[in-house]
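Survey of secondary and tertiary structure
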Amino acid sequence: MAGRINDDDVKVVRDAVPIDTVVSEYLQLRPAGGGNMKGLCPFHDEKSPSFQVSPSKGLFHCFGCQEGGDTIAFVMKIDHLSFSETVERLAAKAGITLRYEEGGYNPTHQRGERIRLVEAHKAAADFYVEQLGGEEAAIGRKFLAERGFDQSAAEHFGVGYSPAGWDHLTRFLRGKGFSDKELLLAGLSQDGRRGPIDRFRGRLMWPIRDISGEVVGFGARKLRDDDNGPKYLNTPDTAIYKKSQVLYGVDLAKKDIAKASRAVVVEGYTDVMACHLAGITTAIATCGTAFGTDHIKILRRLLMDNGSARVIFTFDGDAAGQKAALRAFEDDQKFAAETYIAIAPDGMDPCELRLNKGDAAVQDLVEPRTPLFEFAIRQIVSRYDLETPAGRASALDEAGPIVARIKNGASQHEVAVQLAGILGILDTQFVVKRVAQMARWARDRGGRGPAGPASSSSPSSSSSSYASGQSPALSGPALNLRSPAHRTERELLKLALQRPELVSPAFDAYGVDEFTAPPYAAVRRAVEDAGGAEQGMASAPEYLAGVREAAPNDAVRALVTELAVEVFHGKTIDESYAGEQLVRVRLRAVDLRIHDVTSTLARLGTGADHERHQAVQNELWVLQQYRQSLRNSGAAAL
């Protein structure tokens, strides 16, 4: 069995792959000030970005859910990998060959399960692509050509062909060193009477990639009449593939979605191809399932929920397409973006539209769009006879609750006015009040109503774990960032972690007891145990890694990460600013000591031992002189 990865190699991998590059594969990042980047956290739902990345330090931290760490920790968390699997994946990305402490280089068959399944899918994708050029695959090439896709289009999207025999892929992958168990776990093979056989046979194959670009599954299109299976057959849910959490084409579209703040949701693989080839490179599709909550999470992280974000659904104009649009509207309020629907007048899907009318027609499809809420309302209202009072009342009873679900009050009022117009009810205010009443009823019945305040990126929220006593190693008063003392101590620790050259060597002479908040005292101790802030002047990533390793528990480690990426409060971060923080913390410590010595002097009274009394008085005098010097000379007196 292979041993642990060489520590030096882990460090090389950590330094070789920039954290912002890795994180950007999963969400959109924007400047946050101080060289940091921010985005919507991939680990919890939030409406405003509290997830920050510090490229210079190689760290991330979410001020909402408190997740944080380095590049390795991010990939471990988001892709559910072990430490070794993560290092191996990042090493492969950076072209680094790893060494192992026992047994030399890691044999392929001993790699982590997820990496093995991904490797199997990559090999399968290459196999299918090669098969598309063969004689048997002529039917597949014809299918593509009839829909306007040439060889270059097939290559761009990685389209392939699965041979019609029982076990062509299974035998190929066995030859690559994959076990039958791995092929069954990957969903590439299935149990047959005499052992594993290919799951996909005689079909056109689309590789389904996750947001980082790795092949995690396949979509297979039936080509022959004697194929008794469904029209489309997808990979079953596996350890690396969950159809409710994957969007086809997102690996190709993610950068343009983030850049344009627009996503176009279509229904099938060929529709994605048609849109991209027609110039709509923000098109994506679900993989054999309805558009749902997990898909929304993916898009929200790419769109960043800014005010101009748009999501456009291009469902077919048939009854099934309209039903899909109404299902999408069920989750509409989970978007901060505006949602629309675009349906071609003749009901054609984007693939048919491109084939019959050209690229320009596909581009025009997403321009004259209808707000999704309006489409949903009109679909409901169309079932009623609006010529009669009873019909209008019944339509209002069904459509009203949909409008009442709109959380933004101004938007709800505006849509209620539009609903009155659609229904033909002249008393607009009656409809507005009726919708508002429905909204109150929904809340009174136990609905959550509008979401609470978005997770704040303020540091005060990050102190909750300490306040609730989750960290047994840290006792004492909870953090209170309204306290000038705690604010200053926090700012000084941020300087020691992010800009150690501004506070060294003075900071390293500060005692742990000069930090009045126990969590901050614990961070100060971790800095000391890691060799002091002066160590950070040589190599920031190594220094921060050392401080995190020196932290006594996960709570302190998380706080170190948080402080290492948090933006400073000052506008200009220089020696003068650093000096102010150093002086404030020291002055407060001196004031506390003066208070203690004064109390001691009062307790001694006039009858105390003369030498003892004189020593305490001398200490008080020295402290008072030092305090005055700090006030007069500032950092020069340190």
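Note that the structure is predicted; figures quoted are calculated from it, not measured. (Residues numbered from 1 in each chain as written. Predicted model: local features only at pLDDT ≥ 70, side-chain atom pairs only at ≥ 80, totals over all residues. Heavy atoms only, no water.)

Comments concerning the pattern of salt bridges
Put simply, the rule is: Counted as salt bridges are all cases of a side-chain nitrogen of Lys or Arg within 4 Å of a carboxyl oxygen of Asp or Glu. Each helix is a run of H or I in the DSSP string that is no shorter than four residues. Each strand is a run of E no shorter than two, and both are numbered from the N terminus. Throughout this description, buried means an accessible area under 20% of the type-specific maximum (1.4 Å probe, protein chains only), exposed means over 50%, and partly exposed covers the range between.
Counted by the stated rule, this structure contains 36 salt bridges. As a salt-bridge pair, Lys77 and Glu67 come within 3.3 Å of each other at their nearest N and O atoms. One end of the pair, Lys77, is in helix 3 (residues 71-79); the other, Glu67, is in the loop between strand 4 (59-62) and strand 5 (68-70), with 10 residues separating them in the sequence. Asp126 serves as the salt-bridge partner of Lys122, at 3.5 Å between the closest nitrogen and oxygen. Here Asp126 and Lys122 lie together in helix 5 (residues 113-131), a separation of four residues that amounts to about one turn. For Asp126, a relative accessible area of 44% gives the class partly exposed. It is possible to trace a salt-bridge network through shared partners that takes in Asp79, Arg89, Arg114, Asp210 and Glu214.

Focus on the side chain of Gln28
The line we're drawing: The term polar contact refers here to a pair of N or O atoms within 3.5 Å; inside protein, the definition further demands a hydrogen-donor-capable atom paired with an acceptor-capable atom, and it admits residues adjacent in sequence only when both atoms are side-chain atoms.
Tracing the backbone through its elements, the reader meets Gln28 in the loop between helix 2 (19-23) and strand 1 (30-33). Only 3.4 Å separates the side chain of Gln28 from the backbone oxygen of Ala258, close enough to count as a polar contact.

A short note on the confidence of the model for the protein
Basically, it comes down to this: Confidence scores per residue from the predictor, reported as pLDDT, run from 0 to 100. Residue contacts follow a heavy-atom distance rule, with two residues in contact if any of their heavy atoms lie within 4.5 Å.
When pLDDT is averaged across the protein, the result is 84; 87% of the residues are at 70 or more. The secondary structure element of the protein with the lowest average pLDDT is helix 20 (residues 464-467), at 32, and the one with the highest is strand 6 (residues 160-162), at 98. For residues 447-478, every residue scores under 50 in pLDDT, and the model assigns this stretch 51 contacts once sequence neighbours within four places are set aside.

A few points about empty space enclosed by the protein
Here is the rule: Points on a 1 Å grid over protein atoms alone make up a cavity when a 1.4 Å probe fits among them but cannot get out, and a pocket when they form an open set with protein on both sides within 12 Å along at least five of seven lines; lining residues each have an atom within 4 Å of a point. Grid points are joined across faces, edges and corners, and a volume is the space filled by probe spheres set on the points. Here the term charged refers only to Asp, Glu, Lys and Arg, the term nonpolar to Ala, Val, Leu, Ile, Met, Phe, Trp, Tyr, Cys and Pro, and the term polar to all other amino acids, Gly among them.
For the structure on display, the rule yields one cavity of 30 Å³ or more. In this structure, the largest cavity spans a volume of roughly 50 Å³. Lining the largest cavity, in full, are Phe157, Pro207, Arg209, Tyr248, Gly249, Asp251 and Leu252. Breaking the lining of the largest cavity down by element, the ones donating at least two residues are strand 9 (203-209) and helix 10 (250-260). Looking at side-chain class alone, the lining of the largest cavity contains four nonpolar, one polar and two charged residues.

Concerning the sheet that holds strand 10 (residues 215-222)
Put simply, the test is: A pair of strands is treated as paired once DSSP finds two or more bridges between them. In this description, a line fitted to the C-alpha atoms serves as the axis of each element, helices being fitted only across the stretch in contact, and the angle between N-to-C directions of two axes falls anywhere from 0 to 180 degrees.
Pairing within the open sheet is antiparallel, and its four strands lie in the order 6-9-10-11. In the strand order of this sheet, the two ends are held by strand 6 and strand 11 (232-234), each with one partner. The mean angle between the axes of side-by-side strands here comes to 35 degrees, regardless of whether they run parallel or antiparallel. In this sheet, strand 11 lies alongside strand 10 in antiparallel orientation, the contact comprising three bridges. Across the sheet, Gly219 pairs through a bridge with Asn234, a residue of strand 11. Set on the sheet, helix 11 (residues 269-277) makes contact with strand 9, strand 10 and strand 11; between it and strand 9 the angle comes to about 70 degrees.

Some details on helix 4 (residues 83-94)
The test is simple: To estimate the expected span of a helix, count its residues, drop one, and scale the result by 1.5 Å.
For helix 4, spanning 12 residues, the distance from its first C-alpha to its last is 17 Å, which sits close to the expected 16 Å at 1.5 Å a residue. In this fold, the buried residues of helix 4 make contact with helix 1 (7-16), helix 2, helix 3 and helix 5.

Topic: the pairing of strand 10
For strand 10, a buried count of seven out of eight residues is recorded, marking the element as mostly surrounded by other parts of the structure. In this structure, strand 9 lies alongside strand 10, joined through seven bridges in antiparallel fashion. Bridged to Arg203 within strand 10 is Lys222. Counting the residues that bridge the hairpin from strand 9 to strand 10 gives five residues, and of these Gly213 lies at a positive phi of roughly 100 degrees.

What about the sheet that holds strand 17 (residues 370-371)?
Read across the sheet, six strands follow the order 12-14-13-15-16-17 without closing on themselves; strand pairing throughout is mixed. Each of the sheet's edge strands pairs with one partner strand only, and the pair in question is strand 12 (247-248) and strand 17. Two strands pair when backbone bridges link them, and strand 15 (residues 310-313) and strand 16 (residues 338-341) are joined in this way by four bridges, in the parallel orientation. Looking at strand 16, one finds that Arg310 is bridged to Glu338. Across the sheet, helix 11 is in contact with strand 12, strand 13 (262-266) and strand 14 (283-286); its angle to strand 14 comes to roughly 175 degrees.

Observations concerning the environment of His276
Structurally, the position occupied by His276 is in helix 11. The exposure class assigned to His276 is buried, which follows from its relative accessible area of 10%. There is a polar contact of 2.9 Å between the side chain of His276 and the backbone oxygen of Ala283.

Some thoughts on the packing of helix 16 (residues 372-381) against helix 18 (residues 409-423)
Note the threshold: When the near helix sits turned anticlockwise from the far one by under a right angle, the crossing is termed left-handed; a clockwise turn instead gives a right-handed crossing.
Remark: helix 16 packs on helix 18, axes separated minimally by 11 Å, with the N-to-C direction vectors making an angle of 35 degrees. Crossing of helix 16 over helix 18 shows right-handed handedness. Of helix 18, the residues touching helix 16 (which contributes Phe373, Glu374, Ile377, Arg378 and Val381) are Val415, Gln418, Leu419, Ile422 and Leu423. Of the residues contributing to the contact of helix 16 with helix 18, the split by class is seven nonpolar, one polar and two charged.

Quick notes on the packing of helix 5 against helix 8 (residues 168-175)
Stated precisely, the cut-off is as follows: An angle below 35 degrees is read as roughly parallel, one above 145 as roughly antiparallel, one from 65 to 115 as roughly perpendicular, and any other as oblique.
Following both chains from N to C, one finds helix 5 and helix 8 inclined at 125 degrees, their axes separated by 10 Å at the closest point. Viewed along their axes, helix 5 and helix 8 adopt a mutual orientation that is oblique. Relative to helix 8, helix 5 is oriented so that their crossing is right-handed. Contacts between helix 5 and helix 8 pair Ala120, Ala123, Ala124, Phe127 and Tyr128 from the former with His168, Leu169, Phe172 and Leu173 from the latter. Its residues placed into classes, the contact of helix 5 with helix 8 shows eight nonpolar, one polar and no charged.

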